[in-house]
Amino acid sequence: MSERQTLLIVDDQEINRVILREALSKSYQIIEAADGNEALQMMGTYYAQLAGVLLDVVMPEMDGFEVLCSMKERGWLRTMPVFLITAETDTQVLVKGFEFGVMDVITKPFCPELVKKRVDNMVELYRRRFELEALVREQTIRLRQPRKSRQPGVGSQSEPVTARGEGQANGSAPMSEEAQLLFELEKERYQVVSEFAEDLIFSYNALFDSMELSEKFCRIFRVPAYLRDYSRQEAPAQLFVPEEYRALTERFQQLSWADQEMEMDVRLKLPDGTMPWFHLVLRTLWSSRDRSRELGYVGKLTNINRIKREADKWQQRANTDPLTQLNNRAGAHLRFEQMLRECAQRGGKMTVVFLDIDHFKQLNDTMGHAMGDAILVAFSQNIRRQFRPTDIVARFGGDEFLVVMRDTGDREFARRKLEPLCHQTLEIPLGEHLPSFFNRISVSSSMGVAFYPEDGQEFDALLRKADSALYDSKRAGRGQVSFCREEMMAY
């Protein structure tokens, strides 16, 4: 395994292969395949050199799961880790990958530093596993070989060579030096694998009302390895965020013989006061004779705090407009759906405003793109200051903006709030690319307004109504506010 320094990247999109190659080429030899058939051919050719395979799920002709089937039939999954590449967040897709035998899942868009670290860790784990297995095989062969007896010396008696120890004292067969070495090797192997594993294991025995915890679990949470009378002890609710503990309890109570497993991400309080993210997988155990009788459960916690932080960072970037630092359309949509759920639960209202800067193309063409960008930044900052942090202010693209005010649905209030923003004087920071007379510039904007729930109850529907009202403002002379009309309700 120590000679395996080649990674195979399998993806039909060249840009994805380029990103992964750049992230990994300093540490590994990289070979690439653009489809499943080519990948299997290259695996057969470079089998002895492959340290791992990065395999895309969605590919033409033969997808990633079909490749995994072929690898499993040929026994290749045992000798090299497979990293599944997917843009899917569907749990079923991820579970299917792990059931096929993949060691990790890498989601798009890629974080190169995170991909490199995860690949390095898994390749190192496989390397150590192969080294340990080779040593175990070597020692097993030695144990199975017949031992040579000493030749008796002159005046001495023949005596087998044994290791004196505790085994002889209690009448059992003595442990040879090779057996002791093999025992120590297996113990060391277990410790190494345990250290590499990210999982914290716990298991509950309902027959004895006892909880057993793995060594790593005990070390991190500073608890004993064995707990008696577990049901009589205080529930560990203080370790959880309250709403997450309620969700966990409700999901656990729904488990049955027909639905034995659950998964969820939770935050747990550690002794040092931090609350990192863990992925919890819990499977209940049931009697095969009496399917209504629960015998206990087994669970594992995997620390995903680093992955969560990276995912949150990249999600934030994906949902943010790079120029104005407002939400983009995707980010606005996500926040709107969350706001919509909250309003639906308590019967709240929302005001949806779609607006753009009047004659912006003319400003951009006559003053230059640098000035156009400066106007967009100043305009967005000024708009953002006029609304609450809980309101949505987003740039949709070009000079188009969206505002969603929560807990407001009054037409007169909306008019008083928005009309002063139809005409603004923007302060433009001076720079090398901007003449001094551009320090202050007056702009107007046209706005269209729709209300939730009376004008619509979905994001796209409300957006269409507000956009139609915006064009009413433009037809009426620009620089004003218009509201969704009854005849627009059929849209």
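Residues numbered from 1 in each chain as written. Predicted model: local features only at pLDDT ≥ 70, side-chain atom pairs only at ≥ 80, totals over all residues. Heavy atoms only, no water.

1. Looking at the overall build of the protein chain
Right, on to step 1. When you go through the protein chain residue by residue, the secondary structure sums to 15 helices and 17 strands.
Right, on to step 2. The buried share among the 491 residues of the protein chain stands at 41%.
Right, on to step 3. Sequence separation of 24 or more characterises 59% of the internal contacts of the protein chain that already satisfy a separation of 6 or more.
Right, on to step 4. Of the roughly 28,400 Å² that the protein chain leaves accessible, carbon and sulfur atoms contribute 50%. (Helix = DSSP H or I, 4+ residues; strand = E, 2+ residues; numbered from the N terminus. Buried < 20%, exposed > 50% of the residue type's maximum accessible area, 1.4 Å probe, protein only. Contact = heavy atoms within 4.5 Å. Areas by Shrake-Rupley, 256 points an atom, 1.4 Å probe, with all protein chains shown as cover.)

2. Comments concerning the sheet that holds strand 7 (residues 210-213)
Right, on to step 1. As summarised here, the arrangement of the six strands in space is 8-7-6-11-10-9, forming an open sheet in which the pairing is antiparallel. Sheet topology places strand 8 (226-227) and strand 9 (261-267) at the edges, where each strand pairs with a single neighbour.
Right, on to step 2. Judged from the two bridges that link them, strand 7 and strand 8 form a sheet pairing that is antiparallel. Looking across to strand 8, one finds that Met-211 is bridged to Leu-227.
Right, on to step 3. Contacting strand 9, strand 10 (277-286) and strand 11 (294-303), helix 9 (residues 242-253) runs over the sheet at an angle of about 175 degrees to strand 9. (Pairing = 2+ DSSP bridges. Axes fitted to C-alpha atoms, helices over the stretch in contact; angles between N-to-C directions.)

3. Considerations on the UniProt feature "modified residue: 4-aspartylphosphate" (unreviewed entry) in the protein chain
Right, on to step 1. Residues annotated by UniProt as "modified residue: 4-aspartylphosphate" (unreviewed entry) correspond here to Asp-56.
Right, on to step 2. Note on placement: Asp-56 falls in strand 3 (residues 50-56).
Right, on to step 3. Non-local contacts of Asp-56, meaning those with residues more than four positions away in its chain, are made with Val-10, Asp-11, Asp-12, Gly-64, Ile-85 and Lys-108. (UniProt positions renumbered as here; feature names shortened; annotations may be inferred.)

4. Some remarks on the packing of helix 11 (residues 329-346) against helix 15 (residues 459-475)
Right, on to step 1. Contact geometry for helix 11 and helix 15: axes closest at 11 Å, N-to-C directions at 115 degrees. Each of Arg-329, Ala-332, His-333, Phe-336 and Glu-337 in helix 11 lies in contact with helix 15, whose residues at this interface are Phe-459, Asp-460, Leu-462 and Leu-463.
Right, on to step 2. Split by residue class, the contact of helix 11 with helix 15 holds five nonpolar, one polar and three charged. (Nonpolar A, V, L, I, M, F, W, Y, C, P; charged D, E, K, R; others polar.)

5. So, the pairing of strand 10
Right, on to step 1. One ladder, built from seven bridges, connects strand 9 with strand 10; its direction is antiparallel. Within strand 10, the residue paired with Met-264 across the bridge is Leu-280.

6. Brief notes about the layout of surface pockets
Right, on to step 1. There is about 950 Å³ of room inside the second largest pocket.
Right, on to step 2. Around the second largest pocket, the lining comprises 30 residues; the ones closest to its centre are Met-211, Tyr-230, Pro-236, Phe-240 and Tyr-297.
Right, on to step 3. Listed by contribution, the elements that provide at least two residues to the lining of the second largest pocket are strand 6 (199-205), strand 7, helix 8 (215-221), helix 9, strand 10 and strand 11.
Right, on to step 4. With four residues, the top contributor of residues to the lining of the second largest pocket is helix 9.
Right, on to step 5. Taken together, the residues of the lining of the second largest pocket sort by class into 24 nonpolar, four polar and two charged. (1 Å grid on protein atoms, 1.4 Å probe; cavity = no way out; pocket = protein on both sides within 12 Å on 5 of 7 lines; lining within 4 Å. Points joined across faces, edges and corners; volume = space filled by probe spheres on them.)

7. Describing the pattern of salt bridges
Right, on to step 1. Applying the stated criterion across every chain, the model contains 23 salt bridges.
Right, on to step 2. A salt bridge links Glu-32 to Arg-21; the nearest nitrogen and oxygen atoms lie 2.2 Å apart. One end of the pair, Glu-32, is in strand 2 (residues 29-33); the other, Arg-21, is in helix 1 (residues 14-24), and eleven residues separate them in sequence.
Right, on to step 3. The exposure class assigned to Glu-32 is partly exposed, which follows from its relative accessible area of 24%.
Right, on to step 4. One salt bridge in this structure joins Lys-116 and Asp-120, with 2.6 Å as the shortest N-O distance. With a gap of four residues between them, Lys-116 and Asp-120 both fall in helix 5 (residues 112-144), about one helical turn apart.
Right, on to step 5. Taken together, the shared-partner salt bridges connect Glu-342, Arg-346, Arg-406 and Asp-407 into one network. (Salt bridge = Lys/Arg side-chain N within 4 Å of Asp/Glu carboxyl O.)

8. Quick look at the side chain of Asn-382
Right, on to step 1. If you trace the backbone, Asn-382 turns up in helix 13 (residues 369-385).
Right, on to step 2. Excluding anything up to four places from it in sequence, Asn-382 contacts Gln-424 and Leu-426.

9. Focus on a nonpolar patch on the surface
Right, on to step 1. On the surface, Ile-201, Leu-285 and Val-298 cluster together into a nonpolar patch covering about 210 Å² of accessible area.
Right, on to step 2. With respect to the element layout, Ile-201 can be found in strand 6. (Patch = residues over 30% accessible without salt bridge, like charges linked within 9 Å, V, L, I, M, F, W, Y side chains within 5 Å.)

10. Points about the sheet that holds strand 5 (residues 104-107)
Right, on to step 1. Pairing is parallel in the open sheet, where five strands are placed in the order 2-1-3-4-5. Looking at which strands have only one partner, the edges of the open sheet turn out to be strand 2 and strand 5. Between one strand axis and the next, the sheet turns through 20 degrees on average, direction left out of account.
Right, on to step 2. Relative to strand 4 (residues 82-86), strand 3 runs parallel, the two sharing four bridges. Within the sheet, the bridge partner assigned to Leu-54 lies in strand 4 and is Phe-83.
Right, on to step 3. Packed on one face of the sheet, helix 1 meets strand 1 (6-10), strand 2, strand 3 and strand 4 and runs near 170 degrees to strand 2.

11. Comments concerning the packing of helix 12 (residues 360-367) against helix 13
To characterise two packed helices, one gives the angle between the axes of the helices and the distance between these axes.
Right, on to step 1. Put simply, helix 12 and helix 13 touch, their axes get as near as 6 Å, and they point 135 degrees apart. Looking at the two axes, helix 12 sits oblique to helix 13. From helix 12, Phe-360, Leu-363, Asn-364 and Met-367 reach across to helix 13, where they touch His-369, Met-371, Gly-372, Ile-375 and Leu-376.
Right, on to step 2. Residue composition of the contact of helix 12 with helix 13, by class: six nonpolar, three polar and no charged. (Parallel < 35°, antiparallel > 145°, perpendicular 65-115°, else oblique.)

12. Digging into the packing of aromatic side chains
Right, on to step 1. Enumeration according to the criterion identifies 15 aromatic pairs in this entry.
Right, on to step 2. For the ring pair Phe-65 and Phe-100, a centre distance of 5.6 Å and an interplane angle of 25 degrees mean the geometry is stacked. Separated by 35 residues along the polypeptide, Phe-65 in helix 3 (residues 64-73) and Phe-100 in helix 4 (residues 91-100) bring together distant segments of the chain.
Right, on to step 3. Residue class for Phe-65 comes out buried when judged on its relative accessible area of 10%.
Right, on to step 4. A ring pair is formed by Phe-221 and Phe-278, whose centres lie 6.1 Å apart and whose planes are at 40 degrees; its orientation type is tilted. Remark: Phe-278 occurs in strand 10 and Phe-221 occurs in helix 8; sequence separation between them is 57 residues.
Right, on to step 5. Through successive ring pairs, a cluster of aromatic residues spans Phe-202, Tyr-204, Phe-217, Phe-221, Tyr-230, Phe-252, Phe-278 and Tyr-297. (Phe/Tyr/Trp six-rings, centres within 6.5 Å; stacked < 30°, edge-to-face > 60°.)

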